[in-house]
Amino acid sequence: MNAPVANMELEAAIRAATEGLLREQRPDGHFVYELEADCTIPAEYVLLVHYLGETPNLELERKIGVYLRRIQGAHGGWPLYHEGALDISATVKAYFALKMIGDDIEAPHMARAREEIRKRGGAIKANVFTRILLCLYGEASWNDVPTVPPELILLPRWFPIHLSKMSYWARTVIVPLLVLCALRPLAKNPRGVHVPELFVPGVPAASPRAPHQSKYWSAFFTGLDRVLKKVQWPQGPRARAIEKCRLWVTERLNGQDGLGAIYPAMANSVMMYDLLGYPPENPDRAIARKSVELLLVVKEDEAYCQPCVSPVWDTALAAHALMEARDPKADAAVAKSLEWLKPLQVLEVKGDWAEERPDVRPGGWAFQYRNDHYPDLDDTAVVVMAMDRAAKAGIAPEYGEAVARGREWVEGLQSKGGGWGAFDADNAYYYLNNIPFADHGALLDPPTEDVSGHCVGMLAQLGDGGQRLEDGIDYLRRTQRADGSWWGRWGVNYIYGTWSALAGLAGAGLGPDDETVKRGADWLIAIQNPDGGWGENCDSYKLDYKGYEPAPSTASQTAWALLGLMAAGRVDHPALVRGVKWLTARQEADGLWTQAHYTGGGFPRVFYLNYHGYPRFFPLWALARYRNLKATNSRRVEWGL
């Protein structure tokens, strides 16, 4: 049962996966795959069109309707991820969008959704962002949402509540929203569609204290919110605040890639410009509106809107997988990918990260095509490792200056405790997650184990990591859980975090006998599914998590577990052999893999992602690395080499 995979079978699987991945490379060298979230983004897109009073594309609306109906859960509502529990906020938005499209509210799928919403207290029990949307349509009162005055943008940086103390995604979403919440516009809504049937008379708004929030901090901020609701704001400072918000957004508009390059910020920027009287043909409003359209995925029978796009991330990870293949055609594709990536390095713009680290030179890569104000540490570390690795293998020329600047930026944004966040250094003002507006619990960007594992791996691979590398290793040792796993912020969840940490530590020279490495590998082996694969559910982010709970095996999570075990030196372990067999047995006719389950993290407990590229390139990476290590009888594994 645990015999090694036959060489011919393994080689055939690797060759088919390599050829399949190469077919998906774009002509200019990059890779980009669909990035799917839940129903909220396509629902919000439909409602945005009607908020603005635009003439809708009826065929596009029809296709979005098909998509929304398909992903409705058996429970009658909409989940945040495949086969997840009903989420009231998502369900309210999907129902509203389908009613806007023209679905009969007495149709079975609408009646079931409405019943489930009302069972939970009605639409007023949705989260803050959903209630704001309802206010913009006149469905709810502004008294039912927290007060966030635009004067927030005028406060000095030392003030406890300041935009620079929030995460990049919160900043870009909130600033245009400050204008909307202050001026309180009403959607044009030419079809006159409303959803009074989603409300239960007499039921108050959602609790001001979310489950993650402290009782005492929440009481303080709730009291503050009551005071803010009674304040008569002077017109002079308010006008200055709104103008500063407008200038802030315009400076970061980011061309056709949009504000922050994420849908909620883009949509809010369009609504802000509309509210401020910008006509549709105004260049700023027009480009902001175009950025939203570029997120659409339109297929023959259905359509949806992505939360953002992931070309840099997809391209860098695909390059690592193809380098493992050791195939001349794959090597040529890698060289082309790196040439595409090189000019996307941000070398001139000092983004918001410079608020905390003003003396650091820019040098990072963003996740999207362009997002110069918001490059991230994760993409930068992975791109730098790919460039360095390709040069050492003779696949591509040395990208000396690009690698050096990327390293300099990553080193400069290391947080005080030795770890790395995604976009900022030391963004760990945890008390802010207690403000009423932060009921999602995702206002901050503190250091995390997964990003830190990648940054440790980068420093180790480049050599001469010095004290920064030692501090990163210490951070990973401290954050290992009692069961041996590590939390994964941007991938689901402990499987992703454990692979990321083990890969970084292996690159730094920690061997199989190191207790930290041993415990991480033992945890991965202990949670392997009986079928030989690995899986983990998005429920693992729950606040009362007590340990791993079994979930269906997926291609990407199985690949992460295999890569983690190989990093830990368990190349001959029976669990590894079973995992390799699981992957080879489930390879599809095109040589690649697919999966329905979401394995990407957005905001824990609030927003998850289905990276369609993950089952395309991670399994190739794992299978080819297994072959390469077995062929050389090697136990020394670095992140990329």
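Residues numbered from 1 in each chain as written. Predicted model: local features only at pLDDT ≥ 70, side-chain atom pairs only at ≥ 80, totals over all residues. Heavy atoms only, no water.

**Examining empty space enclosed by the protein**
For the coordinates displayed, the defined rule picks out 4 cavities of 30 Å³ or more. Computed from the structure, the largest cavity encloses a volume of approximately 80 Å³. Around the largest cavity, the lining residues are Tyr81, His82, Glu536, Asn537, Cys538, Ala551, Pro552, Thr554, Gln557, His597 and Tyr598. Along the lines of polarity and charge, the residues of the lining of the largest cavity split into 5 nonpolar, 5 polar and 1 charged. (1 Å grid on protein atoms, 1.4 Å probe; cavity = no way out; pocket = protein on both sides within 12 Å on 5 of 7 lines; lining within 4 Å. Points joined across faces, edges and corners; volume = space filled by probe spheres on them. Nonpolar A, V, L, I, M, F, W, Y, C, P; charged D, E, K, R; others polar.)

**Quick look at the sheet that holds strand E5 (residues 607–611)**
Spatial strand order, E1-E5-E4: 3 strands in an open sheet with antiparallel pairing. This sheet does not close on itself; its edge strands, each paired only once, are strand E1 (35–36) and strand E4 (600–603). Here E4 runs beside E5; their pairing, made up of 3 bridges, is antiparallel. From the neighbouring strand, Gly601 faces E5, where its bridge partner is Tyr608. (Pairing = 2+ DSSP bridges. Helix = DSSP H or I, 4+ residues; strand = E, 2+ residues; numbered from the N terminus.)

**Notes on the side chain of Asn628**
Inspection of the secondary structure assignment puts Asn628 in helix H22 (residues 614–632). Looking at Asn628, its side chain comes within polar contact range of the side chain of Arg627, at 3.0 Å. Among residues more than four places away in sequence, those in contact with Asn628 are Glu324 and Arg326. (Polar contact = N/O pair within 3.5 Å; in protein donor to acceptor, adjacent residues only side chain to side chain. Contact = heavy atoms within 4.5 Å.)

**Things to note about the pairing of E5**
Side chains on a regular strand alternate between the two faces of the sheet. Summarising burial for E5: 5 of the 5 residues are buried, a large majority. Side chains Phe607, Leu609 and Tyr611 project from E5 onto one buried face, and the interleaved Tyr608 and Asn610 project onto a second face that is buried too. Pairing geometry for E1 and E5, over 2 bridges, is antiparallel. Within the sheet, the bridge partner assigned to Leu35 lies in E5 and is Tyr611. (Buried < 20%, exposed > 50% of the residue type's maximum accessible area, 1.4 Å probe, protein only.)

**A closer look at the pattern of salt bridges**
Per the counting criterion, the structure on display carries 37 salt bridges. A salt bridge links Glu59 to Arg62; its shortest N-O distance comes to 2.9 Å. Residue Glu59 and its partner Arg62 are both found in helix H3 (residues 58–70); the two are separated by 3 residues, about one turn of the helix. Of the residues examined, Glu59 reaches a relative accessible area of 40% and is grouped as partly exposed. Ionic pairing is found between Asp522 and Lys518, a salt bridge with its closest N-O pair at 3.2 Å. Of this pair, Asp522 and Lys518 both sit in helix H19 (residues 515–526), 4 residues apart, which is roughly one turn of the helix. Within the structure, one salt-bridge network assembled from shared partners comprises Arg171, Glu251, Arg252, Asp352 and Asp424. (Salt bridge = Lys/Arg side-chain N within 4 Å of Asp/Glu carboxyl O.)

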